[in-house]
Amino acid sequence: MTPLAHVLALPVRAYRLLLSPWVGHGCRFQPTCSAYALEALDRHGALKGGYLTAHRLCRCHPWGGHGYDPVPGADPDHDARG
């Protein structure tokens with residue numbers, strides 16, 4: 001993980017430690033948005049990983065999608081299906 005990606009991951013880790021236990025486990029996607037963010041930052045770095053994370057968070061609302069949505073490149077079988 002690049003240094004900038006590591007810095008961007010700090011708020012996500014803080015959320016998982018401090019807020020997630022209080023908010024509950026109601027994520028519409030698998031993996032959860034916080035797990036997705038950490039994997040995207042680790043796999044793609046700060047810029048693309050940050051973009052992917054922001055895009056995912058914008059889709060995480062009651063009228064958005066749901067289901068299995070892995071980070072691009074994490075599941076080649078899912079990526080091949082389009």
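Residues numbered from 1 in each chain as written. Predicted model: local features only at pLDDT ≥ 70, side-chain atom pairs only at ≥ 80, totals over all residues. Heavy atoms only, no water.

With an unreviewed UniProt entry as reference, the protein chain is termed Putative membrane protein insertion efficiency factor, source organism Tabrizicola piscis. Recorded under Function (unreviewed entry), the UniProt text for the protein chain is reproduced unchanged: "Could be involved in insertion of integral membrane proteins into the membrane." (UniProt positions renumbered as here; feature names shortened; annotations may be inferred.)

A.B. asks: Please explain the overall build of the protein chain as it appears in this structure.
C.D. replies: Helix and strand counts for the protein chain come out as three helices and two strands. Going from the N terminus to the C terminus, the protein chain shows its helices and strands as α-β-α-β-α. In terms of overall size, the protein chain behaves like a compact globule, its C-alpha atoms giving a radius of gyration of 13 Å where 82 residues would be expected to give roughly 12 Å. When the backbone C-alpha atoms are referred to their principal axes, the protein chain occupies close to 35 × 30 × 15 Å. Taking all 82 residues of the protein chain together, the buried fraction comes to 28%. Put simply, of all contacts in the protein chain between residues at least 6 apart along the chain, 65% involve residues at least 24 apart. Just so you have it, the protein chain exposes about 5,500 Å², and 64% of that area is on carbon and sulfur atoms. Counting 8 positive and 6 negative side-chain charges, the protein chain places the centres of these two groups 7 Å from one another. (Helix = DSSP H or I, 4+ residues; strand = E, 2+ residues; numbered from the N terminus. Rg over C-alpha atoms; globule rule 2.2 N^0.38 Å. Buried < 20%, exposed > 50% of the residue type's maximum accessible area, 1.4 Å probe, protein only. Contact = heavy atoms within 4.5 Å. Areas by Shrake-Rupley, 256 points an atom, 1.4 Å probe, with all protein chains shown as cover. Lys, Arg positive; Asp, Glu negative; His and termini not counted. Charge placed at Lys NZ, Arg CZ, Asp CG, Glu CD.)

A.B. asks: Whenever I open this one, helix H1 (residues 3-23) confuses me. Can you help?
C.D. replies: In an α-helix, one turn spans 3.6 residues; hence positions three or four apart end up facing the same way. Helix length check: H1, at 21 residues, gives a terminal C-alpha distance of 29 Å against a target of 30 Å (1.5 Å per residue), a fit within 8%. At arginine 16, H1 shows its largest kink, close to 45°. What H1 keeps buried is the set Ala5, Ala9, Val12 and Ser20. Looking at the buried side of H1, the elements it contacts are helix H2 (33-59). Downstream of H1 by one or two residues, glycine 24 has phi in the positive range, about 100°. (Expected span 1.5 Å × (residues − 1). Bend = angle between axes of the 7 residues up to and from the residue.)

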